[in-house]
Amino acid sequence: MYEERRKRSAFEIMREYMELLDAWADELLESPGRPSWDIQSCCLEPLCDISITADEVVVTADLPYAQPETIEVEAVGHDLIEISAKIKRKVGFGDLGITHREGEFSSFRSRARIPVPVETDRMKIRFKRGILEVHLPRKKGHRIRIE
Amino acid sequence: MSEAVRIVEKKRIPSEAIMLQGLPDVGLVGLIATSYIISELNLDEIAYVDSDLLPPIVVLHKGLPHAPLRIYGNKDLIAAISEIAVPVKALHRIMRKLVDWAESKNVKMILSMGGLPVQNRQDIKEPKVFAAGSSDDSLKLLREKGLEILNEGFIVGPQALTMRYCVERKLTAVALLAQSFFNYPDPEASAVAIKKFAQITGKKVDVADLLEKGEEIRLRARDIMRRTQSELSQMKKSQEYDLPLYV
C-alpha cells in the first residue's frame, strides 16, 4: 500500500485533487433540487438575480402577471429580503399543460440573501416591464486620509 | 466505442435548407424564437439528437416520449431546439455534430438567434439586433439586408461554437443577437430577432402572438431558465460583457 502510494508522482496527486475540486464545484453549481413552486402556500418562486456595485446591491425578480399594487419587499433581518406579489389570475398546473399534478398558484414569493452589508431602511424599489428592482445602498466604511 | 453524439433521422431531410439553431442561452432568446418559428411555420419533427453526454431525460408531449434535443424541418428550413439546458461538458461535441450533420445535408446557412445581455434592458422598449457572420461574404449579405454588424466583442456558448466550426468547414453561419435580459426569459427580444430572421430569409413570421403571450412564456420558462443560468455561469457567459484586447 505504502509502496503504491510512493509510486504516484506529485503531478498525479495534484490531478486527483483537481478532479475532486471539479466534482465539488459541479455539485455546488448544480441547480437547486427543489421545485420552483410550493403547493402548500400556493406560491411560485420567481427568477431572481443579485448584482453588487460599488454603491449598492441590486436585487431583481422577474414577476410576469404580477399585480403591481400588491408587490411587497420586506427586510427580514439585516441580510435577507423577502419579495412577494399577487398574480393577476390564479395559475394552475392545467394552465401549464400538466395534468398529473393538482394545485393552483396565486402569488410569487422568494427570499434573497444579501451578500454584503446594506442599509435596508434606505431601500428603493422600481417595477418596470414586469421586472422588480430593489436597490439597497451599501453601508459606508470610515474614510482614512493619507497622512 | 459508440459515437458520443448521434443524429437519428426520422423523416427525409431536405437538402440545401437554411438551418436554425435555438439552444437555451441568454434570455432564452434563441430557444423562444426558434420554437415560435417551428410552430408558426408548422415544421415537422424530422430528427433528434441522441447522446450519452446528455442527462437521462425524455420529454412527454401529448402522452408520447420525445428526445429533448430535436430537429424540425420542412422543404427548405431545418430548426434544432433543446427543451433542456445543454450541459457545458457536452456542448462542444453536440455543436460539432450539428455542424457536421448540416454540412452533410448541404445546408446553405446556419442561422442562430440569441441574446446580447444589456444591464438596462428594462429601459429599452424595442431591443436592437446586432449580427455576426462567419465570412466576409456573410457580413456583406448582412449589411445588404440592413443589419448592424457586431464588430468587436466576445460571443460565448452554442453560437460561438457554431461560428467556429462553420469557419473550419467554410460553411456560412450567421448569429443574430438581440439586446436582452441575461437571466430572464425575454420574448420581446425573441420577437425582434425573428423580424431580422424574416428580413434575411424572406420568410414571413407574424410575431403578434408571441408578444401577446409574452407573460405566459416568461412564467412557463422559469424552470429551463434556472437550469440554463447554471450552465451559463459554468461556460463563463459573463465574458460577453468583457472588452477584447487585440492590438
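Above this text is the structure in question.
Computed from a prediction, not measured in an experiment: that's the story for all the values here.

1. Regarding the overall build of chain A
Helix and strand counts for chain A stand at two helices and nine strands. Across chain A, contacts joining residues at least 24 apart in sequence account for 52% of those joining residues at least 6 apart. Counting every atom, chain A has about 10500 Å² of accessible surface; 52% of that belongs to carbon and sulfur.

2. Here's the deal with the interface of chain A and chain B
The parts lose accessible area when they come together, and the size of an interface is often stated as this lost area. The interface of chain A with chain B comprises 32 residues on the first partner and 25 residues on the second. With both chains or domains summed, chain A and chain B bury close to 2500 Å², and 45% of this area falls on carbon and sulfur atoms. For the pair chain A and chain B, the number of links is five salt bridges. Of the charged contacts in the structure, one is a salt bridge between Asp 123 of chain B and Lys 128 of chain A, with a shortest N-O distance of 3.2 Å. Summed over the shared surface of chain A and chain B, the result is 15 residue pairs in polar contact (both at pLDDT 80 or more). Of all the secondary-structure elements, those providing two or more residues to the side of chain A that touches chain B are helix 2 (10-29), strand 3 (47-52), strand 4 (56-62), strand 6 (80-92), strand 8 (124-128) and strand 9 (131-137) of chain A.

3. Describing the nonpolar core
Membership of the largest hydrophobic core comes to 83 residues, with the highest contact counts inside it found for Ile 71, Leu 111, Met 113 and Leu 176 of chain B. When residues of this core are assigned to their parent elements, the largest contribution, nine residues, is made by helix 2 (residues 88-104) of chain B. Counting 25 residues, the second-largest nonpolar core is a separate cluster that includes Leu 44, Ala 61 and Val 134 of chain A together with Leu 219 of chain B.

4. Things to note about the sheet that holds strand 5 (residues 72-75) of chain A
Spatially, 1-2-7-6-5 (chain A) is the arrangement adopted by the five strands of the open sheet, whose pairing is mixed. If you trace the sheet from one side to the other, it starts and ends with strand 1 (37-38) and strand 5 of chain A, each paired once.

5. Considering the sheet that holds strand 8 of chain A
Residues and elements named next belong to chain A. If you walk across this open sheet you meet the four strands as 3-4-9-8, and the pairing is antiparallel. Taken across any chain shown, the strands that pair with only one partner, and hence form the sheet edges, are strand 3 and strand 8. Each strand axis lies, on average, 15 degrees off the axis of its neighbour in the sheet, ignoring direction. Two strands pair when backbone bridges link them, and strand 4 and strand 9 are joined in this way by seven bridges, in the antiparallel orientation. Along strand 9, the bridge assignment pairs Ala 61 with Leu 132.

6. Quick look at helix 5 (residues 187-201) of chain B
The periodicity of an α-helix, 3.6 residues per turn, causes residues three or four places apart in sequence to face the same way. All names here are of chain B. Counted at 1.5 Å a residue, the expected span for helix 5 with its 15 residues is 21 Å, and the 21 Å between its end C-alpha atoms agrees. Most of helix 5 is tucked away: eleven of the 15 residues are buried. Here helix 5 has its buried residues at Pro 187, Ala 189, Ser 190, Ala 191, Val 192, Ala 193, Ile 194, Phe 197, Ala 198, Ile 200 and Thr 201. Gly 202 sits one or two positions beyond helix 5 and adopts a positive phi of about 80 degrees.

7. Observations concerning helix 1 (residues 29-40) of chain B
All names here are of chain B. The first and last C-alpha atoms of helix 1 sit 16 Å apart over twelve residues, in line with the 16 Å expected at 1.5 Å per residue. Taking burial as the measure, the twelve residues of helix 1 include nine buried ones, the bulk of the element. Considered for burial, the residues of helix 1 that qualify are Val 29, Gly 30, Leu 31, Ile 32, Ala 33, Thr 34, Tyr 36, Ile 37 and Ile 38.

8. Remarks on the pairing of strand 5 of chain A
Each regular strand displays side chains that alternate between the two surfaces of the sheet. All names here are of chain A. Alignment of strand 5 against strand 6, held across four bridges, turns out to be antiparallel. Among the inter-strand pairings, Ala 75 is bridged to a residue of strand 6, identified as Ile 81. If you look at the hairpin formed by strand 5 and strand 6, you'll find four residues sitting between the two strands, and Gly 77 has a positive phi there, around 80 degrees.

9. Here's the deal with the packing of aromatic side chains
All told, the structure shown has four aromatic pairs over all chains when counted by the stated rule. With a centroid separation of 6.4 Å and an interplanar angle of 50 degrees, the aromatic rings of Trp 37 of chain A and Phe 105 of chain A are classed as tilted. Within this pair, whereas Trp 37 of chain A is found in strand 1, its partner Phe 105 of chain A is found in strand 7 (residues 104-113), the two being separated by 68 residues in sequence. Members of the aromatic cluster, each reached through a chain of ring pairs, are Trp 37, Phe 93 and Phe 105 of chain A. Its end group placed over the ring of Tyr 65 of chain A, Arg 89 of chain A keeps NZ or CZ at 4.9 Å from the ring centre. Across from the ring centre of Phe 181 of chain B, 5.1 Å away, lies the NZ or CZ of Arg 121 of chain B, which sits over that ring.

10. Overview of the side chain of His 66 of chain B
Residues and elements named next belong to chain B. Inspection of the secondary structure assignment puts His 66 in strand 5 (residues 64-66). In terms of polar contacts, His 66 uses its side chain to reach the side chain of Glu 45, at 2.9 Å. Apart from residues no more than four positions distant in its own chain, His 66 is found in contact with Glu 45, Val 58, Val 59 and His 61.

11. Here's the deal with the pairing of strand 3 (residues 44-51) of chain B
Residue and element names in this part refer to chain B. Across five bridges, strand 1 (residues 5-9) lies against strand 3 in antiparallel orientation. Within strand 3, the residue paired with Arg 6 across the bridge is Asp 50. As paired elements, strand 3 and strand 6 (residues 69-73) share four bridges and run antiparallel to each other. Looking across to strand 6, one finds that Glu 45 is bridged to Tyr 72.

12. What about the side chain of Thr 228 of chain B?
Residue and element names in this part refer to chain B. Residue placement: Thr 228 occurs in helix 8 (residues 222-234). Relative accessible area serves as the criterion here: at 1%, Thr 228 is assigned to the buried category. Once residues within four sequence positions are removed from consideration, Thr 228 is found in contact with Pro 24, Asp 25, Leu 28 and Ala 85.

13. Remarks on the state of the cysteines
In total, this model carries zero disulfides over all chains according to the counting rule given. Free cysteine: Cys 48 of chain A, not disulfide-bonded; nearest cysteine sulfur from Cys 43 of chain A at 13 Å.

Reading the values: the criteria
- Residues numbered from 1 in each chain as written.
- Chains lettered and ligands numbered in written order.
- Predicted model: local features only at pLDDT ≥ 70, side-chain atom pairs only at ≥ 80, totals over all residues.
- Heavy atoms only, no water.
- Helix = DSSP H or I, 4+ residues; strand = E, 2+ residues; numbered from the N terminus.
- Contact = heavy atoms within 4.5 Å.
- Areas by Shrake-Rupley, 256 points an atom, 1.4 Å probe, with all protein chains shown as cover.
- Buried area = accessible area lost by both parts, 1.4 Å probe.
- Salt bridge = Lys/Arg side-chain N within 4 Å of Asp/Glu carboxyl O.
- Polar contact = N/O pair within 3.5 Å; in protein donor to acceptor, adjacent residues only side chain to side chain.
- Core = buried A, V, L, I, M, F, W, Y, C linked by side-chain atoms within 4.5 Å.
- Buried < 20%, exposed > 50% of the residue type's maximum accessible area, 1.4 Å probe, protein only.
- Pairing = 2+ DSSP bridges.
- Axes fitted to C-alpha atoms, helices over the stretch in contact; angles between N-to-C directions.
- Expected span 1.5 Å × (residues − 1).
- Phe/Tyr/Trp six-rings, centres within 6.5 Å; stacked < 30°, edge-to-face > 60°.
- Lys NZ or Arg CZ within 6 Å of the ring centre and 35° of its normal.
- Disulfide = S-S within 2.5 Å.

These results come straight from atomic positions and should not be treated as a statement about function.
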